[in-house]
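Descriptive analysis of the structure
Listed below are the residues making up each chain.
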Amino acid sequence: RVMAMTLIGAPGYAPQTQMIRFVFITMFPKFSKFLGMESFDRTAMNFFANLIKKTYQQRLSSGEKRNDIIDIIAEEIRSEKKTKVEHESDFEKDAAIDTSDVSDVLKSGFDEETILISNALLFFFAGFDTTSSGLSICTHRLALYPEVQEKVYNEIEEVFGDSEETTFDKIQELKYMELFIHECFRHQIIIPSLERLCMKDYKVPGTDFIIPKGRLVQTYTTPMTRNGEYYANPDEFDPENFNPENNPNKFAYQAFGQGPRNCIGMRYAMLTMKVALLYILRKHRVVRGEKTNDQLIPDIKNPNIFKDDAYVKIEKRF
């Protein structure tokens, strides 16, 4: 637990200068590399890297399979077979782990263990911290908008009824809850900007400007989330903004990114938050408390947490 909290930079587990260091590395990557600066705590990184390495070696010697991220990548590396997978929705398509180019990465000089360790660490980092922040945002919005909370609760009752069994298929039926979670992340910006590497010369539509291959491109997400061209009710908290009938622009929603380089932990994060909200709301109600603020303001020292914390009050429903 200590190593996990250290890796994500949780308060009390990382130096206060960590965000300054991270910004410096982002702005001056080559100079930072020359100075030997690292984005994450080396001790925590080594701890998880060794853990993944030992697990992988144990799998090889025992032949054990658990169908997790280690097995998925290891199998893709050894296989040249490419099969087309059909997905039920755009979300499922984007959430699927794209392993189509893993073999190509191996051919580029990286060994199998390096690929496994880097991807497993990314999966952990992407899913662990975003889930924690996401649940804070979701419970805060439940307290601020009780009418929306009742709609989420009514859907839970409709889907699960008196059944105490929680299955993946049933969770996938919670469509309004999914709209609610997406709206929480639209209304409370988690990722203010995204950076991508341009893979080929690209002419910006309607202009003569060409983004050259190899150029880093940074996109700021906040203006898109409040644009009336992309959402039916952009200035209000309204889960119906993501109702397919209202034709939301999927590329204006960048909480998890979009396309083949989106968040590797998106599916895990969404599933975790759905299960958590399910168990909270079935027997409890989220309401305002004495310390509940109308806004959640990110801490400038660590944007992964909120300046005045996220306080709500939990009451028994029955």
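Refer to the structure presented above.
Residues numbered from 1 in each chain as written. Predicted model: local features only at pLDDT ≥ 70, side-chain atom pairs only at ≥ 80, totals over all residues. Heavy atoms only, no water.

1. So, the nonpolar core
One finds Val152, Ile156, Phe180, Ile181, Phe185 and Phe256 to be the most contacted residues of the largest nonpolar core, which totals 37 residues. Looking at this core, the elements with two or more residues in it are helix H8 (112-144), helix H9 (146-160), helix H11 (175-187) and helix H13 (266-283). Apart from residues lying up to four places away in sequence, Ile181 is in contact with Cys138, Met270, Met273, Lys274 and Leu277. In this structure, Leu7, Phe48, Tyr56 and Ile69 belong to the second largest nonpolar core, which totals 14 residues. (Core = buried A, V, L, I, M, F, W, Y, C linked by side-chain atoms within 4.5 Å. Buried < 20%, exposed > 50% of the residue type's maximum accessible area, 1.4 Å probe, protein only. Helix = DSSP H or I, 4+ residues; strand = E, 2+ residues; numbered from the N terminus. Contact = heavy atoms within 4.5 Å.)

2. Points about helix H4 (residues 42-62)
In this model H4 runs 30 Å from its N-terminal to its C-terminal C-alpha over 21 residues, within 8% of the 30 Å that 1.5 Å per residue would give. Regarding H4, its N-cap is Asp41, as a side-chain oxygen of that residue lies 3.1 Å from the backbone nitrogen of Thr43 further along. Once H4 finishes, Gly63 follows within two positions and takes phi at roughly 80°, a positive value. (Expected span 1.5 Å × (residues − 1). Polar contact = N/O pair within 3.5 Å; in protein donor to acceptor, adjacent residues only side chain to side chain.)

3. Side note on a nonpolar patch on the surface
Among the surface-exposed residues, Val23, Met27, Phe28, Phe31, Phe34 and Leu35 lie close enough to one another that they form a single nonpolar patch of about 650 Å² accessible area. Only helix H2 (18-27) and helix H3 (29-35) provide two or more residues apiece to the nonpolar patch. Looking at the nonpolar patch element by element, the count peaks at three residues for H3. Structurally, Phe34 can be placed in helix H3. (Patch = residues over 30% accessible without salt bridge, like charges linked within 9 Å, V, L, I, M, F, W, Y side chains within 5 Å. Areas by Shrake-Rupley, 256 points an atom, 1.4 Å probe, with all protein chains shown as cover. Salt bridge = Lys/Arg side-chain N within 4 Å of Asp/Glu carboxyl O.)

4. Examining H13
Taking 1.5 Å of rise per residue, the 18 residues of H13 would be expected to cover 26 Å, and the 27 Å separating its terminal C-alpha atoms lies within 8% of that figure. Along H13, the residues that are buried comprise Met266, Ala269, Met270, Met273, Lys274, Leu277, Leu278, Leu281 and Arg282.

5. Quick look at the packing of aromatic side chains
One pass over the full model with this rule turns up nine aromatic pairs. Between the aromatic rings of Phe185 and Phe256, the centroid separation amounts to 5.9 Å while the plane-to-plane angle is 65°, which identifies the pairing as edge-to-face. Taken together, the residues Phe185 in helix H11 and Phe256 in the loop between helix H12 (222-225) and H13 connect sequence positions 71 residues apart. Geometrically, the ring pair formed by Phe242 and Tyr253 is edge-to-face, given 5.0 Å between the ring centres and 75° between the ring planes. Of this pair, Phe242 sits in the loop between H12 and H13 while Tyr253 sits in the loop between H12 and H13; the two residues are 11 residues apart in sequence, bridging distant segments of the chain. Looking at Phe242, the relative accessible area reads 11%, which means it is buried. Exposure remark for Tyr253: the relative accessible area of 8% places this residue in the buried category. These aromatic residues form a ring-pair network of at least three members: Phe24, Phe28, Phe31 and Phe34. Over the face of the ring belonging to Tyr231 we find Arg186, whose NZ or CZ atom lies 5.2 Å from the ring centre. (Phe/Tyr/Trp six-rings, centres within 6.5 Å; stacked < 30°, edge-to-face > 60°. Lys NZ or Arg CZ within 6 Å of the ring centre and 35° of its normal.)

6. Overview of the state of the cysteines
Within this structure, the stated rule accounts for zero disulfides. The thiol of Cys138 is not disulfide-bonded; the next cysteine sulfur, from Cys184, is found 4.0 Å away. For Cys138, a relative accessible area of 0% translates into the label buried. Cys184 sits in the buried class, given a relative accessible area of 0%. (Disulfide = S-S within 2.5 Å.)

7. Quick word on unusual backbone geometry
The phi torsion at Asn247 lies on the positive side, around 55°, for a residue other than glycine. With respect to the helices and strands, Asn247 occurs in the loop between H12 and H13. We classify Asn247 as exposed; its relative accessible area is 63%. Positive phi, close to 65°, is recorded for Asp309, a residue that is not glycine. Structurally, Asp309 is set in the loop between strand S7 (302-306) and strand S8 (313-316).

8. Observations regarding the side chain of His140
Here His140 shows up in helix H8. Look at His140 and you get buried, because its relative accessible area is 0%. Residues within four places of His140 in sequence aside, it is in contact with Thr292, Asn293, Asp294, Gln295, Leu296 and Val312.

9. A word on the environment of Asn246
Its place among the elements puts Asn246 in the loop between H12 and H13. Asn246 sits 13 residues away from Asn233 along the chain, and the two C-alpha atoms are 9.5 Å apart. The contact partners of Asn246, leaving out residues within four places of it in the chain, are Ala232 and Glu240. One polar contact links the side chain of Asn246 to the main-chain carbonyl oxygen of Glu240, over a distance of 2.6 Å.

10. Some remarks on the packing of H9 against H13
Their axes nearest at 10 Å, the elements H9 and H13 cross at an angle of 95°. When the axis of H9 is compared with that of H13, the two are roughly perpendicular. Here Gln149, Val152, Tyr153, Ile156, Glu157 and Phe160 of H9 lie close against H13, whose contacting residues are Leu277, Leu278, Leu281 and Arg282. Across the contact of H9 with H13, the residue classes tally to seven nonpolar, one polar and two charged. (Axes fitted to C-alpha atoms, helices over the stretch in contact; angles between N-to-C directions. Parallel < 35°, antiparallel > 145°, perpendicular 65-115°, else oblique. Nonpolar A, V, L, I, M, F, W, Y, C, P; charged D, E, K, R; others polar.)

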